[in-house]
Amino acid sequence: MIDKLGLRKSIKTVLASLSTERRQEGSLKLSLNLKKVLEQMDLAPEDTIGVFAPMKSEPQWQLALGDFEKHFAFPSFVSEHCMEFYQSTFAELVESREFGVTIKVPQRNKLVFPKVLLVPGLAFTEKGGRLGRGGGYYDQYLSTHEVLKIGVCLKEQIVSSLPEEEHDQRMTYVVYDGGIIKIAESSKG
C-alpha cells in the first residue's frame, strides 16, 4: 500500500491536471448533492455548519448553498494543530497567509461550535476514511468535538483504501459529484 506522503503527492497531481470545465462541472454536482444532505438535516436557526473557503485546487462545494450561508462558520487557526470556528459569510472573510499559502479566514467575532462540519481532504474512501493535507487540524478538532462529519470531494479523490492511523477520524458522509455515501456507524477498516 502507498504511504500517506506518496498518496498526497499523487492526488495533488491528479487535481492539478483537471480541466477548468471538469472542476466546475464536478463542483456544481457536488454542491447539489451536498444541498440534498443538508436539506434533510432540519437545521434550527441557531445551528451552524462548519465550512472552509476552498482553495483553487479544491472543489467549490458552496455553489448551490446560498440558502445555507447564514449557518456558515469558518475555521481560524489559533495554534499548532488547533482551530476554532467563527460564524461568517464568504463576503466577510479576509485573506491570511497560513501554511505557506494564502487562504480566506473569518474575523474572530462570534465563536461557535458547529453541529455539522464539512471536512476537506485530498482523498476519501467509501468507508469514511480521509487523507488530509498532513497538518492534523481537522483530526484534532474532530477528536474533541461531537459533530456530524461530511467529507467533500470530487470523484477523482475517492480511493479504494488509505493508510490509517489511530488518530485519523472517519466521516459520517462522503459527498462528491458522483453521489452521497452514508457511512454505517460500525464501519471499520
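Use the structure listed above.
This one's a predicted model, so the numbers in the text were calculated from it and none came from an experiment.

A closer look at the pairing of strand 2 (residues 72-79)
Along strand 2, six of the eight residues are buried, which leaves the element largely enclosed by surrounding structure. In this structure, strand 1 (residues 49-50) lies alongside strand 2, joined through two bridges in parallel fashion. Residue Gly-50 lies in a different strand from strand 2, and its bridge partner there is Ala-73. Pairing analysis gives six bridges linking strand 2 to strand 3 (residues 82-87), with the strands arranged antiparallel. The residue of strand 3 that forms the bridge with Phe-74 is Tyr-86.

Let's talk about the nonpolar core
By size, the foremost hydrophobic cluster in this structure holds 44 residues, and its most contacted members are Leu-34, Leu-38, Ile-49, Trp-61, Leu-118 and Ile-150. Residue assignment for this core shows that the elements contributing at least two residues are helix 2 (20-39), strand 2, strand 3, strand 5 (101-105), strand 7 (116-119), helix 3 (137-144), strand 10 (148-153) and strand 11 (173-176). Ignoring any residue separated from it by four or fewer positions in sequence, one finds Ile-150 in contact with Leu-34, Val-37, Leu-38, Met-41, Val-116, Leu-117, Leu-118, Val-119, Met-171, Tyr-173 and Val-175. Counting ten residues, the second-largest nonpolar core is a separate cluster that includes Leu-15, Leu-18, Leu-122 and Leu-131.

What to know about the layout of surface pockets
Of the volumes computed, that of the largest pocket is approximately 690 Å³. Surrounding the largest pocket, 36 residues form its lining, Phe-99, Pro-120, Arg-130, Arg-133 and Tyr-138 being those nearest its centre. Elements with a minimum of two residues in the lining of the largest pocket: helix 1 (4-17), strand 2, strand 5, strand 9 (130-131) and helix 3. When grouped by side-chain class, the residues that make up the lining of the largest pocket number 18 nonpolar, eight polar and ten charged.

Points about helix 2
Spanning 20 residues, helix 2 covers 28 Å between terminal C-alpha atoms, matching the ideal 28 Å at 1.5 Å per step. Among the residues making up helix 2, those that are buried are Arg-22, Arg-23, Gly-26, Ser-27, Leu-30, Ser-31, Asn-33, Leu-34, Val-37 and Leu-38. Each element contacted by the buried residues of helix 2 is listed here: helix 1, strand 1, strand 7, strand 10, strand 11 and strand 12 (179-182).

As for the sheet that holds strand 2
Taken in spatial order, the eight strands line up as 6-3-2-1-7-10-11-12 in an open sheet, and their pairing is mixed. For this open sheet the edge positions go to strand 6 (111-112) and strand 12, each flanked by a neighbour on one side alone. Seen against the sheet, helix 2 touches strand 1, strand 7, strand 10, strand 11 and strand 12 and runs at an angle of roughly 145 degrees to strand 11.

Concerning helix 1
If you check helix 1, its first and last C-alpha atoms are 20 Å apart, about what 14 residues at 1.5 Å a residue would give, namely 20 Å. Those residues of helix 1 not exposed but buried are Lys-4, Leu-7, Arg-8, Ile-11 and Leu-15. Along helix 1, the residues classed as buried sweep out an arc of 100 degrees about the axis, all on the same side. In helix 1, the exposed positions angled more than 90 degrees off the buried face are occupied by Leu-5, Lys-9, Thr-13, Ala-16 and Ser-17.

Thresholds, definitions, all that
Residues numbered from 1 in each chain as written. Predicted model: local features only at pLDDT ≥ 70, side-chain atom pairs only at ≥ 80, totals over all residues. Heavy atoms only, no water. Buried < 20%, exposed > 50% of the residue type's maximum accessible area, 1.4 Å probe, protein only. Helix = DSSP H or I, 4+ residues; strand = E, 2+ residues; numbered from the N terminus. Pairing = 2+ DSSP bridges. Core = buried A, V, L, I, M, F, W, Y, C linked by side-chain atoms within 4.5 Å. Contact = heavy atoms within 4.5 Å. 1 Å grid on protein atoms, 1.4 Å probe; cavity = no way out; pocket = protein on both sides within 12 Å on 5 of 7 lines; lining within 4 Å. Points joined across faces, edges and corners; volume = space filled by probe spheres on them. Nonpolar A, V, L, I, M, F, W, Y, C, P; charged D, E, K, R; others polar. Expected span 1.5 Å × (residues − 1). Axes fitted to C-alpha atoms, helices over the stretch in contact; angles between N-to-C directions. Arc of directions from axis to C-beta.

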